[in-house]
Structure formats: structure tokens, C-alpha cells
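Notes for the structure review
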Amino acid sequence: MKDAIYNITSGEPRKLVQSTFWATLESVARLLPAVIAFYGIFELFESYQQNRPLNTRLFLYLILASVVWFAVQVLISTLAYEKQYTAAYDVSEKGRTKLANHLRKLSLGFLDSRDPGDLTTMMLGDYALLESAISRLVPQALAAVILLVLAFVSLCLIDWRMTLCLYAMLPIVLLVVKGSNILMKKLGGRHIQAKVDSASRLQEYLQGIKEIKAYSLGGQQFARIQQAFDTLRKESIRIEGVLGPVVMVAISLLRMGLPILVFIGSYLLAQRSLVESVFLVFIVVASRIYDPFTTLMINYTEMRYALISGERIMEIRNQPEVAGTEELNEDYTIRFTDVGFSYKEEPVLQKINLEIQPRTLTALVGPSGSGKSTIVKLLARFYDVQTGVIEIGGKDLKTVNPENLYSHLSMVFQDVYLFKDTILNNIRVGNQTASFEEVVAAAKKAHCHEFISALPDGYETLVGEGGSTLSGGEKQRISIARAFIKQSEIILLDEATAALDLENEAGVQQAIKNLVADKTVIVIAHRLKTIMKADQIVVLDKGTIAAKGTHQELYQTCELYHKLVDMQNEATNWKFSKG
Ligand SMILES: Nc1ncnc2c1ncn2[C@@H]1O[C@H](COP(=O)(O)OP(=O)(O)OP(=O)(O)O)[C@@H](O)[C@H]1O
């Protein structure tokens, strides 16, 4: 129970105290008309039995009490509504923000293992369920339990036998509910998975819409979405079909307490072991006492969902963040010692031994899939190595604070992501505090000032999500501008010139030259002519280092490198001087 509440409130159980207090007060207030009615009926009964006139003054008081009750009820309901919803939106806003912040600090390995729609569903759908659980379902459920316990204790003081009749079916109802929990866990999990799959297929469909059009995949991809939606429909019907009857049975069973009460009560009356007024009290109470519990049962399925959502959220929240507290010093010597890594079971890198001196340019070359990008990703600590160690300035990367590491690294990757924001702010990603002049200077060095200035809104131009309104080359130059403005000591370039048109290539090559001057640079180069002057070229083959050296050395001694260069010569008709 404690865990359930902790999960539903996504770690903030205290937020439920106020909501539950108000929900209980509201439920108690709803019982008051029954008390007022009881006094009226009781007086009718007594006056009839004692053969005396009705106490009209009492009825006046009861009418007055009804009016006061109405006003108080409205006030309490309004306040309860406000408190409950404020708490719910507060918890979900803080929870979403915390989760988003936490996601940023998780390893990419963990994020890769999740379905793309999963986290979106969690942020939107799961938190929406928690909102309704915190605002309504849980406070009402807790209020129902509190009320049942309070009523039990007070009614026992009047007549314990009648109280037991009223609650006679409760143990059986609790057993039914407990039994349905196992079913709900299984079906609820499958239902949520079906929702996640639908969201993922939809996201995949929208993201790949260009490929779907280009390769006429409409039917095939659409069938995948259709299947996901169909599974969702089946799971939704299954869960309603199974849990609906369980809820109805539980409510009906509990209400069986009323006929038991009438039956036993009549017997006790006949035996003269019960007075009529007490019998009356119980009949009146029985008309309202089951209401909160009925609401609880009707909301039960939704509440179980909220619980599953809470568990899903807490599972991510409990994932360890990429750890490390050490700060890098001024020494930027990079050393890989016996590094081994695999994304899944298959090893992708084995026994990587490499030293990169500060302010040198190291190029990684090798056939596709040989592990070049993985080396760069390990250095950027997107993943932690599984064997061996990577050090910068003698510090094991695993012990370095990731934020500190990123402050010393700039990355220009193949798939540049631009945020749905102005170009100015997209360049400022490299340095949030950069002035407009600094942004322009960086853009000039990255050879993108010209095309930005030609846009109608210049640096204030909004780019689409992912940078969809700019060409590949333009996006890449903006990412180079980001790196310029960051001015970090280590630069990781992944196919930095891949998306550039020939016309701009020379200019951008010059920009990169400026960028990397006096920096420690690791570049993944597919076009080998760009790295001929590298201080060190590392040739990778099937996850191991085949050879290291300068261009001249490798061309003469490394067969694979020789082959790669010759292949490119042929492909690009590039005249290459062998001297
Ligand atoms: N996220 C991932 N999950 C699982 N396997 C991966 C992942 N990323 C890469 N791999 C695999 O790891 C191996 C090395 O990939 P990597 O991207 O490092 O090679 P690369 O030399 O950079 O290739 P390319 O030149 O084609 O970009 C490949 O077999 C690839 O399929």
C-alpha cells in the first residue's frame, strides 16, 4: 500500500494528505442528510408510538440544518475540488520535469533499449492517469476506507450485531478485489504495452513518412499501425470485459449487507432484543454507507492503471544516472587501454589501445561497421566501456562528472539536430550566454553567416523541429558554428563534411581547419583526402585496431588502408600523389 501510494504520487506521497482530508470531509458532509432524515423519521416514529403531537420545533431545526448543510456542502466541495486538482497538477508538473531532467542523465544504452513511443506515452498518458488518481481516485478511495472504519466503530457503539450485518459481506468483497488484482496486473500491463506499441508505430510512421512515400511503403507500414491499433482495441475490450463483471459482483456482494440487515434486524425485533429506533438508524445508514465504496469500486480499474503507470515512471526514475564527480584538469591527453565494448552480446570493440596527444588531429578510418563511431561515442560517454579504461588527463572517464566532461567537448555529428527555435538560439546551444556579436562571429567562421543573412528573418528565422526547413549542409554548418562558440578543448567530428555540397566544401574545410587549430581533435573520416595531414590515423577493422600511423606510413605498410585509399581514388577519380 505504501509503495502503491509512493508510486502513484511519483514519489510525493505527502501531496495526498490535504486531498484526502478534503475528500473525507466531503464524504462525511454527504452523509449528513441521512442523519437529518433519521432525526425526522425518528421523531415521527416516537410521536406515533407515544401518541403525542409532533415536535414541530424539531422539524424547523431540521429544515434549518438542511439549509446550513447545503451551504457547507457547496463550500467543502469547492475547496476539496480546488485542493485536489492543485495537488494533482503540481505533482504531475514536477514529476514530468524531474523525469525529463533524469532522462538527460541516463546512459544512451538504457534509452536505446526503450521503444520510442514508450517515453512519450509515459510523459503524457501515464502522468495524465496519475493526475486523475491524485486529484480524485486515491483521495476518494482513502476517504471511503476512513469513512467505513469510522462508521464501523460508531455503529458498533450503538449495536454491534447490526453493524456486523451491515459489513457482513466485506471480507468476501475484499477477497474478490484481491483476486482481481492479479488479473488486473496481467491485463493492465498488456493494455499499457498495447498503448505504447500504438504510440511507437505512429511515431515511426510519422518520422519515416519521407521513406514511406519514396519507397511506396504505405501499405506495409500502414498495416503495422493498423495491427497495433487492432491489438489495442482487443486489449481494451478484454480488460473491460473481465474487470467490469468483477466490479459489479463486488458492489452487489457488498450491498447484500442490506437484506441481511433487514432479515436479522427483523428477527431481533421479533425477539424484542432490538428497539425499533435502532433498527431504523441502521436502515437509514445502510442507504448511504455503501456509496463511497461503490464509487471506489467503479474507479478501481482506473486506479489500478494509475498504479501501473506510477510503477512504470518510478522504474525509470530509479534507473541510475551516469555517475562521476571528478573534474577534468588542464591535461587533455586521451588514452584507451584494452577497451572492449558491445551494444548487445556481439563485441563491437576489442582490445583498443590508443593514445591521443593534446592538440593533435587523430583520424579514425575503416570499413563501415568497423567501430569508428562507437569509439567517438565512448569518448563522449554516451556509453560506458565494459572492459578496459578510457582516461583523459589520467582520469578514468567513468569517474568524471558528465556535465564537466561535456563542457570540455564539442561534437559535430552526421545527424545534426536543430531545435524548433530561432537560428540564433540554435547556435547558442554551444554557449547559452554568447552575445549576438559572438554568434555572428562564430557563424562567419563556420561559413553560415551568408545564408542566414539571406533569410527574411536572418538569425531570428525559426527552424522546424529537427531543422527540417534547412538543407543538410546548412544544418551541418550551424552545428560547426555551435562548436565554434563553445571553444572547447576536445573536438569530435563525425563525417563533418558528408552533407556538404561541393561548392561549399572548400570553405567548410577551411572553417573546420580554423575550428580545430590548437585543439585535440578526433575525426571520423570517410573521405580520406581530408585527413592526409592528420598526426595520427587509426585504421579500424572489425572492432580492432589494424594499424596506426601517418598517411605515408600506413599507405606503405597497412594493406587495408592502402586498399581503402585506392578504392576512393577509383571512386572519386581523385589524383593522389603517392610520394
Ligand atoms: N545503438 C546500437 N545498437 C546496437 N548495435 C549498434 C549500435 N550502434 C552501432 N551498432 C553496431 O556496432 C557496430 C559498429 O558500429 P559503428 O557505428 O561504430 O561503426 P562505424 O565504423 O562508425 O560505421 P559507419 O562507417 O558505417 O558509420 C556495427 O556492427 C553496428 O551495427
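Within an unreviewed UniProt entry, the label attached to the protein reads ABC transporter ATP-binding protein, and the organism entered is Enterococcus malodoratus ATCC 43197. Comment text from UniProt for the protein, heading Subcellular location (unreviewed entry), reads "Cell membrane".

Regarding the overall build of the protein
If you tally the helices and strands in the protein, you get 22 helices and ten strands. Overall, the C-alpha framework of the protein stretches about 125 × 50 × 50 Å when taken along its three principal axes. Across the 579 residues that make up the protein, the buried fraction comes to 46%. For the protein, contacts bridging at least 24 residues in sequence account for 76% of all contacts bridging at least 6. Roughly 30,100 Å² of accessible area belongs to the protein as shown, and the carbon and sulfur atoms make up 60% of that amount. Between the centroid of the 60 positive side chains of the protein and the centroid of its 60 negative side chains there is a distance of 5 Å.

Topic: the packing of aromatic side chains
Within the structure shown, the criterion is met by ten aromatic pairs. Measuring from ring centre to ring centre gives 5.5 Å for Phe341 and Tyr383, while their planes differ by 50°; the resulting arrangement is tilted. With Phe341 in strand β1 (residues 334–341) and Tyr383 in the loop between α14 (372–379) and β4 (387–392), this residue pair connects regions lying 42 residues apart in the sequence. On the accessibility criterion, Phe341 (4% relative accessible area) is buried. Summarising the aromatic geometry, the rings of Tyr343 and Tyr383 are spaced 5.2 Å apart at their centres and angled 85° between planes, so their arrangement reads as edge-to-face. Of this pair, Tyr343 sits in the loop between β1 and β2 (349–356) while Tyr383 sits in the loop between α14 and β4, and the two are 40 residues apart along the sequence. Residue Tyr343 is classed as partly exposed on the basis of its relative accessible area, which comes to 37%. Clustering of aromatic rings is evident, with ring pairs tying together Tyr81, Tyr85 and Tyr89.

Comments concerning the packing of helix α2 (residues 15–50) against helix α3 (residues 56–104)
The geometry of α2 relative to α3 is characterised by a closest axis approach of 8 Å and an angle of 165° between their N-to-C directions. One finds that α2 runs roughly antiparallel with respect to α3. The element α2 and its partner α3 pack so that their crossing is left-handed. Its residues placed into classes, the contact of α2 with α3 shows 19 nonpolar, seven polar and seven charged.

Considering the pairing of strand β3 (residues 361–365)
The element β3 is extensively covered by neighbouring structure, given that four of its five residues are classed as buried. Direction of pairing for β3 relative to strand β8 (residues 520–524): parallel, over a ladder of four bridges. Within β8, the position partnered with Leu364 by the bridge is Ile524. The pairing of β3 with strand β9 (residues 536–541) spans four bridges and is classified as parallel. Bridge pairing in β9 links Leu364 to Val538.

Details of the UniProt feature "transmembrane region" (unreviewed entry) in the protein
In the UniProt entry, the feature "transmembrane region" (unreviewed entry) is given for residues 58–81, 141–160, 166–184, 242–268 and 274–290. Counted over residues 141–160, helix gives 95% and strand 0%. Its end C-alpha atoms are 25 Å apart.

Section: helix α19 (residues 472–486)
Between its first and last C-alpha atoms α19 spans 21 Å; for 15 residues at 1.5 Å apiece the expected length is 21 Å, and the two agree. Buried residues dominate α19, accounting for twelve of its 15 residues. Inspection of α19 places Gly473, Lys475, Gln476, Arg477, Ile478, Ser479, Ile480, Ala481, Arg482, Ala483, Phe484 and Ile485 among the buried residues, and these make up the whole buried set. At the C-terminal side of α19, Gln487 shows a positive phi close to 50°.

Criteria and cut-off values
Numbering of residues starts from 1 in every chain and runs along the sequence as written. A pLDDT threshold of at least 70 governs which residues receive local features in this predicted model, and a stricter bar of 80 or more applies before side-chain atom pairs are shown or counted, although totals over entire chains, interfaces and linings include all residues. Where side-chain values are given, they derive from all heavy atoms of the structure, hydrogens and water being excluded. UniProt positions are given in the numbering used here, feature names are shortened, and annotations may be inferred rather than shown by experiment. Put simply, DSSP marks the helices as runs of H or I at least four residues long and the strands as runs of E at least two long, and each gets a number from the N terminus on. Each residue is assigned to one of three classes by its accessible area relative to the maximum for its type, calculated with a 1.4 Å probe on protein chains only: buried under 20%, partly exposed between the two thresholds, exposed over 50%. In what follows, residue pairs with any heavy atoms lying within 4.5 Å of each other are defined as contacts. Accessibility throughout is a Shrake-Rupley quantity obtained with a 1.4 Å probe, and a residue counts as covered only by protein chains that appear here. Within this scheme the basic residues Lys and Arg register as positive and the acidic residues Asp and Glu register as negative, but His and the chain ends are omitted. To locate a charge, take NZ of a lysine, CZ of an arginine, CG of an aspartate or CD of a glutamate. Between rings of Phe, Tyr and Trp, where Trp is taken as its six-membered ring, a pair exists when centres lie within 6.5 Å; planes separated by under 30 degrees are stacked, by over 60 edge-to-face, and by other angles tilted. In this analysis, axes come from line fits to C-alpha atoms, helices being fitted only over the stretch in contact, and the angle between any two N-to-C directions falls in the range 0 to 180 degrees. For classification purposes, angles smaller than 35 degrees are called roughly parallel, those larger than 145 roughly antiparallel, those between 65 and 115 roughly perpendicular, and all remaining angles oblique. The sense of a crossing depends on the near helix, which, turned anticlockwise from the far helix by less than a right angle, makes the crossing left-handed and, turned clockwise, makes it right-handed. Each residue is assigned to one class: nonpolar for Ala, Val, Leu, Ile, Met, Phe, Trp, Tyr, Cys and Pro, charged for Asp, Glu, Lys and Arg, and polar for all the others, Gly among them. A pair of strands is labelled paired if DSSP reports no fewer than 2 bridges between them. Helix span, as expected, comes to 1.5 Å for every residue beyond the first.

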